[in-house]
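If you want the building blocks of each chain, they are given just below.
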Amino acid sequence: MACSHSTVGQICNPGLNSPEKLYGLFPGNPKRATTRPSTERILQAFKSVSLTIMKVTDQEYGHVTPLNVLQQKILELLELPPDIYSSLETSPE
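Because the structure is predicted, anything quoted here is derived from the model rather than measured.

So, how was this worked out
- Residues numbered from 1 in each chain as written.
- Predicted model: local features only at pLDDT ≥ 70, side-chain atom pairs only at ≥ 80, totals over all residues.
- Heavy atoms only, no water.
- Helix = DSSP H or I, 4+ residues; strand = E, 2+ residues; numbered from the N terminus.
- Polar contact = N/O pair within 3.5 Å; in protein donor to acceptor, adjacent residues only side chain to side chain.
- Contact = heavy atoms within 4.5 Å.
- Buried < 20%, exposed > 50% of the residue type's maximum accessible area, 1.4 Å probe, protein only.
- Arc of directions from axis to C-beta.

## Focus on the side chain of glutamine 71
Turning to step 1, where the next piece is worked out: Mapped onto the elements of the fold, glutamine 71 is located in helix H2 (residues 69-77).
Turning to step 2, where the next piece is worked out: Engagement of the side chain of glutamine 71 in a polar contact is seen with the side chain of serine 48, the distance being 3.4 Å.
Turning to step 3, where the next piece is worked out: Those residues within four positions of glutamine 71 in sequence are excluded, and the remaining contacts are Ala45, Phe46, Ser48, Val49 and Pro66.

Encoded structure:
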């Protein structure tokens, strides 16, 4: 995908460079919005997501932290499926 502009630290995705405002990316200022979030801000929004894998008697169990509203919105704007994280969860059959 080609960007129409070149900015270091800028997400190159039409969905994240849209007129739709994205709220909650600025710590201490949740009402501040942006239509052009930086890569750093996007990554910061996902810093609380973790994947835990446990092995119990030769069976693996996986758990992913549930995504908050902001994280879900970012995935939507990136045109990624909502289950991209939850599909990492595993349980024995």
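Still more to cover.
## Describing H2
Turning to step 1, where the next piece is worked out: Listed as buried for H2 are Leu70, Gln71, Ile74, Leu75 and Leu77. All buried residues of H2 fall inside an arc of 165° around its axis, so they share one side.
Turning to step 2, where the next piece is worked out: Where H2 is buried, its residues touch strand E1 (22-23) and helix H1 (39-45).
Turning to step 3, where the next piece is worked out: Of the residues that open H2, the one with a side-chain oxygen 3.1 Å from the backbone nitrogen of leucine 70 is asparagine 68.
Turning to step 4, where the next piece is worked out: A positive backbone phi angle near 60° is found at glutamate 79, which sits one or two residues after H2.

Geometry only, nothing functional implied.
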